[in-house]
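# Close look at the chain arrangement
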Amino acid sequence: MKPTNGTENGSSVKTPFLIGVAGGTASGKSTVCKRIMEQLGQADMDHTQRQVVSISQDSFYRELTSAEKVRAEKGQFNFDHPDAFNEELMLKTLQDVLQGKKVEINEYDYRTNSVCPDRKLTIYPADVVLFEGILVFYFPAIRDLFHMKLFVDTDSDTRLARRVPRDINERGRDLEHVLNAYMTFVKPAFEEFCSPTKKFADVIIPRGADNTVAIDLIVQHIREFLNNRTRQDHSPHLATAGTSALNLPRGRGKPITTVSTDPHYRPH
Ligand SMILES: Nc1ncnc2c1ncn2[C@@H]1O[C@H](COP(=O)(O)OP(=O)(O)O)[C@@H](O)[C@H]1O
Ligand SMILES: O=c1ccn([C@@H]2O[C@H](COP(=O)(O)O)[C@@H](O)[C@H]2O)c(=O)[nH]1
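For every chain, the first residue of the written sequence is number 1, and numbering continues from 1 onward in sequence order. All chains are assigned letters beginning with A, and all ligands numbers beginning with 1, in the order in which they are written. Where local features are concerned, this predicted model is filtered to residues with pLDDT of at least 70; where side-chain atom pairs are given and counted, the filter is 80 or more; whole-chain, interface and lining totals use all residues.

With an unreviewed UniProt entry as reference, the protein is termed uridine/cytidine kinase, source organism Culex quinquefasciatus.

Structure (structure tokens):
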């Protein structure tokens, strides 16, 4: 689907430009999304007014059974396996987002390993939607919805070094729990399920948020898209000429672009 301005049943339908942001745990996916939002002046804006919004795949972890909850508390549940996610809900939500609908998503609580049913986040219709998570390119039906796919490629030592303090300080874990989970589930699942999805990316971002060149280029693309859309809103006849300002190639077999200023960089 191309992002379009069109008319359906008499009402104006605007398809947002949907960007998938994948990468291993603690690679900097949320930080990259935050930088993009900041540079576009969206971060401090009222949620109802935002042109660019970011959604985390963590909101789509499935409800655990009582036995799984017990295992999760002991660090013995695999949150890095595709089966840990509610694929159906993720797909339905993104389809609604693409139809320009307002959606409610769950807030996720890492301390209880569960979604908070009483704490919903409202995602208002926006022009650009970022969807970030470890396995956003894993499920083919979801992967096919993205207009642009980014993979944040940070080496595993750096990711582990960031994950340990984050899980201890922000997610209520102790060191033994974090390292056990990492060795038992996180690292093997990254290699089996996440890393192979790098090949689907349009743009690979080495070093995550440190790569200001890559972030600037992506922001520039989004700005062009937003400017074009605004122009079409003022001159609706332009909408029939195609609205994807980004002109990105779609489909399989397209070249992967790695945005690196280091001539010796090789994707991990
Ligand atoms: N470029 C960076 N330099 C230093 N710390 C970073 C950088 N990017 C992210 N972090 C920190 O690493 C941790 C993981 O980053 P985050 O963006 O949440 O990763 P992800 O969303 O991929 O799990 C966070 O504590 C964040 O503040
Ligand atoms: O209850 C949970 C749910 C998930 N995790 C871990 O989170 C990461 C994914 O989040 P990132 O922000 O991309 O790191 C995944 O590796 C899970 O292991 C968790 O610890 N507890």
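## Considerations on the nonpolar core
In this usage, the nonpolar core is the set of buried Ala, Val, Leu, Ile, Met, Phe, Trp, Tyr and Cys residues whose C-beta atoms join them within 7 Å. Residues with at least 20 neighbouring C-beta atoms inside 10 Å of their own are called buried, those with 12 or fewer are called exposed, and the rest are partly exposed, where every C-beta is derived from the backbone. Ranked by size, the top nonpolar core spans 54 residues in total, and within it Ile19, Val21, Val129 and Leu150 carry the most contacts. Strands here are runs of E lasting at least two residues and helices are runs of H or I lasting at least four, both read from the DSSP assignment and numbered beginning at the N terminus. Ranked by the residues each element gives to this core, the list is headed by helix 6 (residues 175-194), at seven residues. With C-beta atoms placed from the backbone, a contact is any residue pair whose C-beta atoms sit within 7 Å. Those residues within four positions of valine 21 in sequence are excluded, and the remaining contacts are Lys29, Val32, Cys33, Leu130, Phe131, Glu132, Val136, Leu150 and Val152.

## Things to note about the site of ligand 1
The rule is simple: place the C-beta atom from the backbone, and if it lies within 6 Å of a molecule or strand, the residue is near it. Around ligand 1 there are 13 residues in total, and Gly28, Lys29, Ser30, Thr31 and Arg162 lie nearest to it. Elements with a contribution of two residues or more to the shell around ligand 1: helix 1 (29-39) and helix 5 (156-169). By residue number, the principal contributor to the shell around ligand 1 is helix 1, which donates three residues. Put simply, Ala, Val, Leu, Ile, Met, Phe, Trp, Tyr, Cys and Pro go in the nonpolar bin, Asp, Glu, Lys and Arg in the charged bin, and everything else, Gly too, in the polar bin. Of the residues belonging to the shell around ligand 1, the class tally is two nonpolar, seven polar and four charged.

## Looking at the UniProt feature "domain: Phosphoribulokinase/uridine kinase" (unreviewed entry) in the protein
UniProt positions are given in the numbering used here, feature names are shortened, and annotations may be inferred rather than shown by experiment. Here the UniProt feature "domain: Phosphoribulokinase/uridine kinase" (unreviewed entry) sits at residues 18-213. The span residues 18-213 is 36% helix and 22% strand, and its two end C-alpha atoms sit 21 Å from each other.

## A few points about the site of ligand 2
By nearness alone, every residue bordering ligand 2 is listed as Thr25, Ala26, Lys29, Asp58, Tyr61, Phe79, Asp80, Tyr110, Asn113, Ile134 and Val186. Grouping the constituent residues of the shell around ligand 2 by class yields six nonpolar, two polar and three charged.

## Re helix 7 (residues 212-234)
Counted at 1.5 Å a residue, the expected span for helix 7 with its 23 residues is 33 Å, and the 33 Å between its end C-alpha atoms agrees. Restricting attention to buried positions, one finds in helix 7 the residues Ala214, Ile215, Ile218, Ile222, Phe225 and Arg229. An expected span of 1.5 Å times one less than the residue number is assigned to each helix.

## Some points on the confidence of the model for the protein
Summary of the metric used: pLDDT quantifies the predictor's per-residue confidence within the range 0 to 100. Confidence in the prediction for the protein averages 87 pLDDT; 83% of positions are at 70 or higher. Confidence drops under a pLDDT of 50 for residues 239-256, and excluding neighbours within four residues, the segment shows 27 contacts in the predicted structure. Across the predicted assembly, pTM comes out at 0.89 and ipTM at 0.99.

## Describing the packing of helix 1 against helix 7
A fitted line through C-alpha atoms represents every axis, and for helices the fit uses only the stretch in contact; the resulting angles, taken between N-to-C directions, go from 0 to 180 degrees. For the pair helix 1 and helix 7, the least separation of the axes is 10 Å and the interaxial angle reads 50°. Relative to helix 7, the element helix 1 lies oblique. Two packed elements cross with a definite hand, and for helix 1 against helix 7 that hand is right-handed. Touching Val32, Arg35, Ile36 and Gln39 of helix 1 are Ile215, Ile218, Val219 and Ile222, all from helix 7. Here the contact of helix 1 with helix 7 is composed, by residue class, of six nonpolar, one polar and one charged. Should an angle lie under 35 degrees it is considered roughly parallel, over 145 roughly antiparallel, and from 65 to 115 roughly perpendicular; all remaining angles are considered oblique. By definition, turning the near helix anticlockwise from the far helix through less than a right angle yields a left-handed crossing, and turning it clockwise yields a right-handed one.

## A word on the environment of aspartate 202
Summarising the element assignment, aspartate 202 is placed in the loop between helix 6 and strand 9 (203-206). For aspartate 202, a count of 20 C-beta atoms within 10 Å gives the class buried. Sequence separation between aspartate 202 and valine 97 is 105 residues, and the spatial gap between their C-alpha atoms is 21 Å.

## Focus: the pairing of strand 4 (residues 52-56)
Counting buried positions along strand 4 yields four of five residues, so the element is predominantly enclosed. Only strands that DSSP links by at least two bridges are regarded as paired with each other. Bridge count between strand 4 and strand 7 (residues 128-132): five bridges; the pairing is parallel. Across the sheet, residue valine 52 finds its bridge partner in strand 7, namely valine 128.

## Focus on unusual backbone geometry
Both trends apply: most residues other than glycine have a negative phi, and most peptide bonds are in trans. Positioned with a positive phi, asparagine 113 is a non-glycine residue whose angle comes to about 55°. According to the C-beta neighbour criterion, asparagine 113 is partly exposed, with 18 such atoms within 10 Å. Backbone geometry at arginine 207 places phi at a positive 70°, although glycine is not the residue there. When you line up the elements, arginine 207 lands in the loop between strand 9 and helix 7.

## Thoughts on the packing of helix 5 against helix 6
The relative placement of two packed helices is expressed as an angle between their axes plus a distance between the axes. Helix 6 packs onto helix 5 with a crossing angle of 135° between their chain directions and a minimal axis gap of 9 Å. The orientation of helix 5 with respect to helix 6, classified from their angle, is oblique. Considering only the axes of helix 5 and helix 6, their crossing is right-handed. In contact with Leu160, Arg163, Val164, Asp167 and Ile168 of helix 5, helix 6 contributes Leu175, Val178 and Tyr182. Of the residues that constitute the contact of helix 5 with helix 6, the class distribution is six nonpolar, no polar and two charged.

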